[in-house]
Amino acid sequence: MTRRTRRATAPFALLLAAIATPAIAFCGLYVARGDADLFNEASKVVMVRDQDRTVITMVNDFQGEVTDFALVVPAPTVLEREQIHVTENAVVDHLDAFTAPRLVEYYDPDPCGPSVLEEALAFSNAPSAARGGIARARVDALGVTVEAEYLVGEYDIKILSAEQSDGLATWLSENGYGLPDGAATVLGSYIAQDMKFFVAKVNIEEHAKRGGGTLRPLQIAFESPKFMLPIRLGTANAQGSQDLLLYALTRTGRVETANYRTIPLPTNVEIPSHIKSRFDETYKAIFANTVAQEGGAAVVMEYAWDMGWCDPCAADPLTVQQLRELGVYWVQPGRSAFGGGQDVYVTRLHARYDAESFPEDLRLIATGNRENFQGRYVMRHAYTGKASCSAGEDYRRDLPARFEKEAQTLASLTGWDIAEIRADMTEAGLDVTEPPEPQPWWKTLWQD
C-alpha cells in the first residue's frame, strides 16, 4: 500500500505540524486479514480499562521530519512522570493482527467420497522546553500553567492547564504548535471540563541516540470515572475523514460506544473464491459499505473475544508480557495467556469519522457481554475431481446456483455492481448462472 507523507493522526489528539505460518483450525484455514495497514490516515489506540483505571497507548502514524511532529491530548488530570511511558510499535501491531477481520478457506470434499463430520459442522457458523523560551510573565498573562515537564524516551512532555481557550491557543502557537481553524472552540470545551493538556514534541538528541526511525507509541495511565476517547481535536486538524482502530482490553466483556451506534461487522458469509488475491480491496469495500448503510455515524465492531484463544487465529494471542506492557496490570507474570485463565477480553472497534458525522467525543461503556464475535469471511473452493456418481452429478448441477448466491452476497456486502462480479467470476472459471427473470404471479395461477 502506498502511504503519503502526512501528519500524525492519533484520533483524539490535536496533531500540529509545521508541514504537514498459518495453522489449520477446526473452522478452516486462515489466509488473509483486513488489518489497520489497509487504511490511509488510520490511527491505532489501545485502551485498557478496569473500574476507574485507564491506560491509553497512542500510535503515532507519522511520516516526515520528526521536527514537524507535535501532539496535544486532553487528559483528566496532571500526570506524574511515572504515569507516562513509551513502548514499541510491535506490541500494538501484534494486537492489530490478532483482532483483524479474516478470510478463511475450505476445499469441498469429493461428493462421491465418505461424508466428513467436521466439514458439515464447520459452517455452523520539538526540541526541548528551552525552545518555548517565552517569559514567565507571558505565560501567566495567557492563563496557561505548565504543571509539569518530563523527558520520556524520545519525547519532551509538558502537562498544561489553562483558564481560557484563547490563551491556550496563543501559547500553543507561540511554542510551535500551529493551530488549525476551529481548534480554539474545541479547546474551550475541554477547559470547561477542567481537563489538562498533555503536549509532546520530539527531542531530537534523544531520537538520534536511538538511531532515528519510527516514533514509538506514547502511553499514559490515570484514574478517571469518565470512560471516553476525545476525538474532536483530531477532526479540527484533519483533511477529510479518518479511520480509528480502537482496541479495548477489559476484565468484563465487550466495549461499546454509548453515544453512537455500535454495530457488528457482517460476518460468517460465503464469498466467491476468486477474491482471495483481492481481499484487501474487498474488505475495505465491505467496511465502507457497512458505514454508509448506517449514515456514516456508526462505530463498527470487528472483533470481540477472550484473549486466551482464537478460532481461526490470524496471529498468536498476546503474551502476558505484552499484555502488561499495554497496561493490563491484573495479569500475572509467569502464566501463559494462551489457553485462557487471564481474564482479558478484547474488543476491536473501527470508526470512520469527521467533524460532521462525529460531533461528540466517544463515550464508552464496558459491558458484561462476553459473547465471542469476529469478522470472518468464508471462501469455498469447488471440488475439481471426476466425481463420477449420482451425488457428483447433483454437486456439479448445483454449483452455478451456489456461485450466483456468492456473487449476490459479495455485491450486498461491498456495493459493487453484480454484473461486474459475475464477469470476474466467469473469467476466474466460476460458472455463474444468472437466475431467470421472475414471472408475474398470475402466469401460473390457473395452470393445472
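As shown above, the structure is provided for reference.
The structure displayed is predicted, hence computed values, not measured ones.

Reading the values: the criteria
- Residues numbered from 1 in each chain as written.
- Predicted model: local features only at pLDDT ≥ 70, side-chain atom pairs only at ≥ 80, totals over all residues.
- Heavy atoms only, no water.
- Core = buried A, V, L, I, M, F, W, Y, C linked by side-chain atoms within 4.5 Å.
- Buried < 20%, exposed > 50% of the residue type's maximum accessible area, 1.4 Å probe, protein only.
- Helix = DSSP H or I, 4+ residues; strand = E, 2+ residues; numbered from the N terminus.
- Contact = heavy atoms within 4.5 Å.
- Axes fitted to C-alpha atoms, helices over the stretch in contact; angles between N-to-C directions.
- Parallel < 35°, antiparallel > 145°, perpendicular 65-115°, else oblique.
- Left-handed = near helix turned anticlockwise from the far one by under 90°.
- Patch = residues over 30% accessible without salt bridge, like charges linked within 9 Å, V, L, I, M, F, W, Y side chains within 5 Å.
- Areas by Shrake-Rupley, 256 points an atom, 1.4 Å probe, with all protein chains shown as cover.
- Salt bridge = Lys/Arg side-chain N within 4 Å of Asp/Glu carboxyl O.
- Disulfide = S-S within 2.5 Å.
- Pairing = 2+ DSSP bridges.

Could you give an account of the nonpolar core, naming the residues involved and the relevant values?
Side chains that are nonpolar tend, in soluble globular proteins, to be buried together. Membership of the largest hydrophobic core comes to 70 residues, with the highest contact counts inside it found for Ile-84, Tyr-155, Ile-157, Phe-198, Leu-218, Leu-362 and Tyr-377. Per element, the largest residue contribution to this core is seven residues, and it comes from helix α10 (residues 390–414). Other than its neighbours up to four places away in sequence, Leu-218 contacts Ile-56, Thr-57, Met-58, Asn-60, Leu-71, Ile-84, His-85, Val-86, Tyr-155, Ile-157, Phe-198 and Ala-200. Membership of the second largest hydrophobic core comes to 28 residues, among which are Val-46, Phe-98, Ala-315 and Leu-318.

Provide a residue-level description of unusual backbone geometry, including the pertinent values.
A negative phi holds for most residues other than glycine; trans holds for most peptide bonds. Even without a glycine there, the phi angle at Gln-51 is positive, about 55°. Tracing the sequence through the fold places Gln-51 in the loop between β4 (42–50) and β5 (53–58). You can call Gln-51 exposed: its relative accessible area is 68%.

Can you lay out the packing of helix α4 (residues 165–174) against helix α5 (residues 183–192) for me, pointing to particular residues and giving the numbers?
One can describe the packing of α4 onto α5 by two numbers: an axis separation of 8 Å at closest approach and a directional angle of 120°. In terms of orientation, α4 lies oblique with respect to α5. As α4 packs across α5, the resulting crossing turns out to be right-handed. Residue-level inspection shows Ser-165, Asp-166, Leu-168, Ala-169 and Leu-172 of α4 in contact with α5, the latter providing Ala-184, Leu-187, Gly-188 and Ile-191.

Would you mind going over a nonpolar patch on the surface in detail, with residue names and values included?
A cluster of nonpolar side chains, Trp-441, Trp-442, Leu-445 and Trp-446, forms an exposed patch at the surface whose accessible area comes to about 610 Å². Along the chain, Trp-441 falls in the segment after α11 (418–427).

Help me get a handle on the state of the cysteines, residues and values and all.
For the coordinates displayed, the defined rule picks out two disulfides. Bridging Cys-112 to Cys-389, the disulfide has an S-S length of 1.9 Å. An S-S torsion of about -100° defines the bridge between Cys-112 and Cys-389 as left-handed. Taking the relative accessible area as the measure of exposure, Cys-112 reaches 31% and is therefore partly exposed. On the basis of relative accessible area, Cys-389 is assigned to the partly exposed category, the value being 24%. Two residues, Cys-310 and Cys-313, share a disulfide whose sulfurs are 1.8 Å apart. Residues Cys-310 and Cys-313 are joined through a disulfide that is right-handed, its torsion about the S-S bond being 95°. Residue Cys-313 is classed as partly exposed on the basis of its relative accessible area of 28%. Should the bonded cysteines of the chain be numbered as they appear in the sequence, the pairing reads 1-4, 2-3.

Before we move on, can you summarise the sheet that holds strand β13 (residues 228–229) with the specific residues and values?
With respect to topology, three strands assemble into an open sheet ordered β13-β20-β15, the strand pairing being antiparallel. Edge positions in the sheet fall to β13 and β15 (255–257), since each has one partner strand and no second. Here two bridges tie β13 to strand β20 (residues 362–366), and the two strands are oriented antiparallel to one another. The residue of β20 that forms the bridge with Leu-229 is Leu-362.

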